[in-house]
Amino acid sequence: MAIVLIGFMGAGKTTIGELLSRKMDLPFIDLDKAIVEKENLSIPEIFEKYGASYFRKLEHDVLKTYINKNMIIATGGGIIENPNNLEILQKNNLNIWVDTNIDTVYNRIVGDTNRPNAQNKSFEEIKELYNSRISRYNEIAYIKVYNEHDVTLSVQEIHNQIMTDDEN
Ligand SMILES: Nc1ncnc2c1ncn2[C@@H]1O[C@H](COP(=O)(O)OP(=O)(O)O)[C@@H](O)[C@H]1O
Ligand SMILES: O=C(O)C1=C[C@@H](OP(=O)(O)O)[C@@H](O)[C@H](O)C1
Ligand SMILES: [Mg+2]
């Protein structure tokens, strides 16, 4: 079964996924990276050339490829936009919701040219998008981890939780 990191842009899914993979000695895949490698285009290029819905299709395909593997998967924040992905993720027991407060999120992603859904958006617009998504992260999450401070503490917390539950 896959350990799947979900949550909004900038929450820290990619960073935590890499660190957790080393700690647990499990392979790691970042779905955005898999898409970029498959298409040989950057995320902004895919959005610009083919549009958001094409990106969502590619995202669905890579999710399906990896979801039943014994590995750690970092998703993109918009994975929950596709109801078919929600259905797939609902069946996965180890979805870890990585969350941060909206001010932290904004500071981490503002000006990052690699996130088309955050580009040229005001704080209010980002906040609106965040608020529109949280109920869906919550719906499919097994645990939620706040990644506000030291990232290694977030990784430790996830690791502890998985190991504790594994014993029971
Ligand atoms: N705990 C943390 N403290 C400070 N910066 C962090 C922390 N976690 C992640 N970051 C930084 O925030 C940015 C977004 O992290 P990333 O892992 O790409 O998030 P996501 O994949 O959820 O969009 C990166 O620049 C990363 O280095
Ligand atoms: O929230 C979104 O709509 C997106 C999040 C991004 O991933 P991160 O959550 O890793 O930034 C990436 O998939 C794409 O830019 C779209
Ligand atoms: Mg990421």
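Under the annotation held in an unreviewed UniProt entry, the protein carries the name Shikimate kinase and is attributed to Macrococcoides bohemicum. Recorded in UniProt for the protein, the comment headed Subcellular location (unreviewed entry) runs: "Cytoplasm". UniProt's Sequence similarities (unreviewed entry) comment on the protein is quoted here verbatim: "Belongs to the shikimate kinase family."

1. As for helix α5 (residues 83–90)
What sets the pattern is the α-helix's 3.6 residues per turn: residues three or four places apart point alike. The set of residues buried in α5 consists of Asn-85, Leu-86, Ile-88 and Leu-89. Viewed along the axis of α5, the buried residues span an arc of 165 degrees, placing them on a single side of the element. Structurally, α5 contributes buried residues whose contacts are with β1 (3–6), α4 (52–66), β4 (95–99) and α7 (123–140).

2. With respect to the UniProt feature "binding site: ATP" (unreviewed entry) in the protein
Feature annotation in UniProt assigns "binding site: ATP" (unreviewed entry) to the following positions: Gly-10, Ala-11, Gly-12, Lys-13, Thr-14, Thr-15 and Arg-115. Residues that both appear in the annotated list above and line the largest pocket are Gly-10, Ala-11, Gly-12, Lys-13, Thr-14, Thr-15 and Arg-115. Along the chain, Ala-11 turns up in the loop between β1 and α1 (13–24). Given the relative accessible area of 1%, Ala-11 is considered buried. Setting aside chain neighbours within four positions, we find Ala-11 in contact with Val-98, Asp-99, Thr-100, Arg-108 and Asn-147. Relative to the helices and strands, Thr-14 is located in helix α1.

3. Brief notes about the nonpolar core
One broad trend across soluble globular proteins is that nonpolar side chains are buried collectively. With 35 residues, the main nonpolar core has Val-4, Phe-8, Leu-63, Ile-73, Leu-89, Ile-109 and Ile-126 as its most contacted residues. Breaking this core down by element, the ones donating at least two residues are β1, α2 (31–39), α3 (43–50), α4, α5, α6 (102–109) and α7. Here this core takes five residues from α7, the largest share from any one element. In contact with Ile-73, other than residues within four places in its own chain, are Ala-2, Ile-3, Val-4, Leu-5, Ile-29, Leu-31, Tyr-66 and Ile-67. With 16 residues, the next largest nonpolar core counts Ala-11, Ile-72, Val-155 and Ile-158 among its residues.

4. Description of the layout of surface pockets
To find the voids left in a structure, one rolls a probe of water-molecule size over its atoms. Here the largest pocket is characterised by a volume of approximately 490 Å³. As for the largest pocket, its lining consists of 27 residues, and the residues nearest its centre are Met-9, Asp-32, Gly-76, Asn-114 and Arg-115. Taken together, the elements giving at least two residues each to the lining of the largest pocket come down to α1, α2, α3 and α4. For the lining of the largest pocket, a count of residues per class yields seven nonpolar, 11 polar and nine charged. Considered as a void within the structure, the second largest pocket measures approximately 190 Å³ in volume. The wall of the second largest pocket is formed by Met-1, Ile-3, Met-24, Leu-26, Asn-70, Asn-93, Leu-94, Tyr-142, Ile-162, Asp-165 and Asp-166. Ranked by the residues each element gives to the lining of the second largest pocket, the list is headed by helix α8 (residues 151–167), at three residues. A class-by-class count of the residues in the lining of the second largest pocket yields seven nonpolar, two polar and two charged.

Conventions we followed
- Residues numbered from 1 in each chain as written.
- Chains lettered and ligands numbered in written order.
- Predicted model: local features only at pLDDT ≥ 70, side-chain atom pairs only at ≥ 80, totals over all residues.
- Heavy atoms only, no water.
- UniProt positions renumbered as here; feature names shortened; annotations may be inferred.
- Buried < 20%, exposed > 50% of the residue type's maximum accessible area, 1.4 Å probe, protein only.
- Helix = DSSP H or I, 4+ residues; strand = E, 2+ residues; numbered from the N terminus.
- Arc of directions from axis to C-beta.
- Contact = heavy atoms within 4.5 Å.
- 1 Å grid on protein atoms, 1.4 Å probe; cavity = no way out; pocket = protein on both sides within 12 Å on 5 of 7 lines; lining within 4 Å.
- Core = buried A, V, L, I, M, F, W, Y, C linked by side-chain atoms within 4.5 Å.
- Points joined across faces, edges and corners; volume = space filled by probe spheres on them.
- Nonpolar A, V, L, I, M, F, W, Y, C, P; charged D, E, K, R; others polar.

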